Amino acid sequence: MLIEETLKRIQSQKGVQGIIIVNSEGIPIKTTLDNSSTVQYAGLIHQLVMKARSTVRDIDPQNDLTFLRVRSKKNEIMIAPDKDYFLIVIQNPSD
Amino acid sequence: MPVSNNNVVASVRKGSIAQKAPGAKSNKTSSKKKDEEEGVDTGDGWDEWSHGKALTKPPDQLELTEEELKTELTRILTANNPHAPQNIVRYSFKERSYKPTSVVDQMAVHFVLDGSLLHQDSDEARRLRAKEVDTGTEPEEEKPETPATPVEDGGEVGEAGEEDRPDSVASKTDKKEPKITNQFNFSERASQTLNNPLRERSCQTEPPPRSIFSATANQWEIYDAYAEELQKQEKSKEKQKAVPSKKDNDISKKKMMLTETQSDDIGKVDKASKIFERMVNQNIFDDIAQDFKYFEDASDEFRDQEGTLLPLWKFQYDKAKRLSVAALCWNKKYQDLFAVGMGSYDFSKQGCGMLVFYSLKNSAFPEYIYPTSSGILCLDIHEQHSYLVAVGFYDGCVAVYNLKEEGVEPVYKSTAKTGKHTDPVWQVRWQNDDMDNNHNFYSVSSDGRVVSWTLVKNELVFTDIIRLSLNGAVSEGPEGAQQPSIACGTSFDFHKQIDYLFLVGTEEGKIHKCSKTYSSQYLETYDAHSMAVDAVKWNHFHPKVFISCSSDWTVKIWDHTIKTVKNNTLILLITDFFQVHVFDLNINKYEAICQQPVVAKKKTKLTHIEFNPIYPIIIVGDDRGYVTSLKLSPNLRKKPKSKKGQEMPKGPEVEVAKMEKLLSLLREPEQSTV
């Protein structure tokens, strides 16, 4: 319940283009974007997150990835990995 | 002569018959010729029918003269093989030349037949006879029958039969002679057996279910596995310890667990979503975050000791729009968290209130929300246990909220039975844990009581500390019907170092210095103001100084040893309803070094203000439910400039020194005047 509200709030914030929730196998379970974009994002970002996470943990196993930001010219992709899932939010930071 | 020739010819002819046919052919041809000659010459019996014909000569007859016809040719009959070669030549290595072999084999085989006759006395014949005897009576019977047929044969057979009988008798006795295999004339015997037809039989099964499994073994995966194991072990230890009492709990927990796993999957991303909200907010308000951290107003160098306040985030909550901010408090442990108590100052409009916690990291939505039934007037966050929040309400109740607990109800709440105030509670303050390690806090209210509340297990236990009265001293006890009129306490503050000492400000404008231990008497009373004292506060650093502010638009600084006013240090004022005035008493006693409108004029009024102990920002609350955060520009935070080469003493000593200096400046003229 509370999470749904939080997600709604995030979606309604300025500049947010979409939210995707992906499970640990890389399959999107909830999205606000269209299907093809979702699948594309989920597949590509999943690999990136795995790589980033293993990088952080290889350096120190007690450490863990909190979030990952990929800033590009047009927008910013923010990824917050959780234990079994990860959230992706695409935002246009400054209009 | 021709007859003799004839005879000779006839003998030759006869002899020629003995020879082989091919050999005879040439003779025959020659004899033919001779015959024809005879036919010509003689006319004997053979020639009888040649008489009928005229003498015919074959066209290719040899023409011989008569002399030649009369010559006699001798012919010799030999046993030579006409086909045997007569001129075989062999190479002789001895003489190194070819030499004719003199002797040549002259045998010509005309016919060969392999027979199966055995000599009756030979071994084989005997064996065969022995065998025959076995199958025996019938052939014996047959044998006597066979003489009935041809006589010659019968006689022979009869003899043979007779001979056989004694032999057969003998063979019967020798029946059991071992078989001897024929080693010389071996014949292989084989027989082909029937090949059974082949039939293939198979059955197909369902392939076992397969799943592809792949994993990586990294250092951190191994670490994770160990950590899980450790947790499991610890849990099992706990379970062993608490098995009997917690069985029911476990069952209920199991049920809970089941429902949780079956229910919505999204529930697991709550942490991530929280982080996300902050990230998104950071992005949106990126410039503000940057300003908060790094912005220093450069123009302060040009403004002589004047400063500015830079507005940063603005916090608001939809449901609290109608409420005004009545209390603000920073959290000591988490310096980005602050509490906002909402209620209403308006006597006539009293409704519900709200306790809201914001974090600087997320300005769009509060972290914690607690709706209350009555407006909140004051709150305080415990210094050590920053999850405990004491709240005083307009209806006189006090409550304690525990942020760690889920649920919107306070953990403790005072009721009419448990000694709640009868008038609004204006101030609450946490105190150090008492001797039993129970948390306790104080509250002051317009009903004239200063009450100490102790959190004992699940209850709030109250103790009246002092009863304020209009007279100089409170006299309890039945002195007639004259009850001391009760003063209304509006604020109080506890001394930072001296634990039992505290100040109470009243609505009548007096400030009383009291002690926790003496409940009936004030230690001292100051005639502070003409109107209600809104706030008193001890100086954090100087042990003797406190400040009081009042509705009569004045702020006074006191040294509690002397009953007069002093001025000092940096203070902050909210006046004019929408502006923030900053005074630095070190610099200028009577003018603000910063005046800044914070909210729009005429619409909103500022009600409360708080410093952040760590960051150079202040939060200002207004009567619309907004909280605005402002950053102090460098001028406002300035510490006295150090002379070159001198070390800067930092911290409390500086403040104390500053205070002392000012006090000394002020005291002297006063003393001089006095």
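Residues numbered from 1 in each chain as written. Chains lettered and ligands numbered in written order. Predicted model: local features only at pLDDT ≥ 70, side-chain atom pairs only at ≥ 80, totals over all residues. Heavy atoms only, no water.

Colleague: When you look at the overall build of chain A in this model, what are you seeing that I'm missing?
Modeller: Counting secondary structure elements, chain A contains 2 helices and 5 strands. Mapped in sequence order, the helices and strands of chain A form the string α-β-β-α-β-β-β. For chain A, the proportion of its 95 residues judged to be buried stands at 44%. Of all intrachain contacts in chain A linking residues separated by at least 6 positions in sequence, the fraction that spans at least 24 positions is 38%. Surface accessibility of chain A: about 5400 Å² in total, with carbon and sulfur atoms responsible for 53%. (Helix = DSSP H or I, 4+ residues; strand = E, 2+ residues; numbered from the N terminus. Buried < 20%, exposed > 50% of the residue type's maximum accessible area, 1.4 Å probe, protein only. Contact = heavy atoms within 4.5 Å. Areas by Shrake-Rupley, 256 points an atom, 1.4 Å probe, with all protein chains shown as cover.)

Colleague: I tried to follow the overall build of chain B on my own but got confused; where do I start?
Modeller: When helices and strands are counted, chain B shows 12 helices and 29 strands. In chain B, which comprises 674 residues, the proportion classed as buried is 34%. Within chain B, counting contacts between residues at least 6 apart in sequence, those at least 24 apart form 47% of the total. Only carbon and sulfur atoms are counted for the fraction: they give 53% of the accessible area of chain B, which is about 45700 Å².

Colleague: I would appreciate a short explanation of the interface of chain A and chain B in the present structure.
Modeller: The parts lose accessible area when they come together, and the size of an interface is often stated as this lost area. Each side of the interface is counted separately: chain A has 34 residues, and chain B has 25 residues. Both sides together, the interface formed by chain A and chain B hides about 2800 Å², and carbon and sulfur atoms give 65% of it. Sorting the residues of chain A by area buried against chain B places Ile3(A), Arg9(A) and Arg57(A) first, and these three jointly supply 19% of that buried surface. The interface formed by chain A and chain B holds 1 salt bridge in total. With its nearest N and O atoms 2.6 Å apart, the salt bridge here joins Asp224(B) to Arg57(A). In this structure, the connection of chain A to chain B is made through 3 residue pairs in polar contact (both at pLDDT 80 or more). Elements that contribute at least two residues to the side of chain A that touches chain B include exactly helix H1 (2-12), strand S1 (16-23), strand S2 (28-31), helix H2 (35-59), strand S3 (68-71), strand S4 (76-81) and strand S5 (85-91) of chain A. (Buried area = accessible area lost by both parts, 1.4 Å probe. Salt bridge = Lys/Arg side-chain N within 4 Å of Asp/Glu carboxyl O. Polar contact = N/O pair within 3.5 Å; in protein donor to acceptor, adjacent residues only side chain to side chain.)

Colleague: Hey, could you run me through the sheet that holds S1(A) in this one?
Modeller: Where strands meet in a sheet, backbone hydrogen bonds hold them as pairs that are either parallel or antiparallel. All names here are of chain A. Read from one edge to the other, the open sheet built from 5 strands follows the order S2-S1-S5-S4-S3, with strand pairing classed as antiparallel. If you trace the sheet from one side to the other, it starts and ends with S2 and S3, each paired once. Averaged over neighbouring strand pairs, the angle between their axes works out to 15° when direction is ignored. Across the sheet, H1 is in contact with S1, S2 and S5; its angle to S1 comes to roughly 145°. (Pairing = 2+ DSSP bridges. Axes fitted to C-alpha atoms, helices over the stretch in contact; angles between N-to-C directions.)

Colleague: How should the pattern of salt bridges be read in this particular structure?
Modeller: Side-chain pairs of opposite charge can arise where the charged atoms are in close proximity. One pass over the structure, following the stated rule, counts 8 salt bridges over all chains. With a shortest N-O distance of 2.5 Å, Glu95(B) and Lys99(B) are connected by a salt bridge. Since its relative accessible area comes to 40%, Lys99(B) is described here as partly exposed. Ionic pairing is found between Arg429(B) and Asp380(B), a salt bridge with its closest N-O pair at 3.8 Å. With a gap of 49 residues between them, Arg429(B) in strand S12 (residues 425-431) and Asp380(B) in strand S8 (residues 376-381) connect regions that are remote in the sequence. We classify Asp380(B) as buried; its relative accessible area is 8%. One network of salt bridges, with partners in common, ties together Arg69(A), Arg71(A) and Glu76(A).

Colleague: Help me understand the packing of H2(A) against helix H8 (residues 219-241) of chain B in this model?
Modeller: How two helices sit against one another is set out by the angle between their axes and by the gap between those axes. Two elements in contact, H2(A) and H8(B), have axes whose closest approach is 8 Å; the angle formed by their N-to-C orientations is 75°. Relative to H8(B), the element H2(A) lies roughly perpendicular. Touching Ser54(A), Arg57(A) and Asp58(A) of H2(A) are Gln219(B), Trp220(B), Tyr223(B) and Asp224(B), all from H8(B). For the contact of H2(A) with H8(B), the residue count by class is 2 nonpolar, 2 polar and 3 charged. (Parallel < 35°, antiparallel > 145°, perpendicular 65-115°, else oblique. Nonpolar A, V, L, I, M, F, W, Y, C, P; charged D, E, K, R; others polar.)

Colleague: How should the sheet that holds strand S15 (residues 459-467) of chain B be read in this particular structure?
Modeller: All names here are of chain B. In space, the 4 strands of this open sheet follow the order S12-S13-S14-S15, with antiparallel pairing throughout. Of all the strands in the sheet, just S12 and S15 have a single pairing partner and so form its edges. Averaged over all neighbouring strand pairs, the angle between strand axes comes to 25°, with direction disregarded. Pairing of strand S13 (residues 440-445) with strand S14 (residues 449-456), which is carried by 5 bridges, proceeds in the antiparallel orientation. Across the sheet, residue Tyr442 finds its bridge partner in S14, namely Ser452.

Colleague: What exactly am I supposed to notice about the side chain of Asn23(A) here?
Modeller: All names here are of chain A. As for its placement among the helices and strands, Asn23 is situated in strand S1. Exposure remark for Asn23: the relative accessible area of 16% places this residue in the buried category. Of note is the side chain of Asn23, whose polar atom sits 2.9 Å from the backbone nitrogen of Ile27. When residues no more than four places from it in sequence are discounted, the contact partners of Asn23 are Ile29, Asp84, Tyr85 and Phe86.

Colleague: I tried to follow the packing of aromatic side chains on my own but got confused; where do I start?
Modeller: Each aromatic ring pair is summarised here by two numbers: the centre-to-centre distance and the angle between the ring planes. All chains considered together, the criterion is met by 11 aromatic pairs over all chains. Ring geometry for Phe357(B) against Tyr370(B): centres 6.5 Å apart, planes inclined by 85°, an arrangement best described as edge-to-face. Placement of Phe357(B) in strand S6 (residues 353-359) and of Tyr370(B) in strand S7 (residues 368-372) is noted, with a sequence separation of 13 residues between them. Given the relative accessible area of 0%, Phe357(B) is considered buried. For Tyr370(B), a relative accessible area of 4% corresponds to the buried category. Connected via pairs of aromatic rings, a cluster forms that spans Phe315(B), Trp330(B), Phe338(B) and Tyr358(B). Its guanidinium or amino end placed over the ring of Phe365(B), Arg9(A) lies 3.2 Å from that ring's centre, counting from NZ or CZ. Here the guanidinium or amino end of Lys404(B) rests over the ring plane of Tyr387(B), the centre of that ring lying 4.3 Å away. (Phe/Tyr/Trp six-rings, centres within 6.5 Å; stacked < 30°, edge-to-face > 60°. Lys NZ or Arg CZ within 6 Å of the ring centre and 35° of its normal.)

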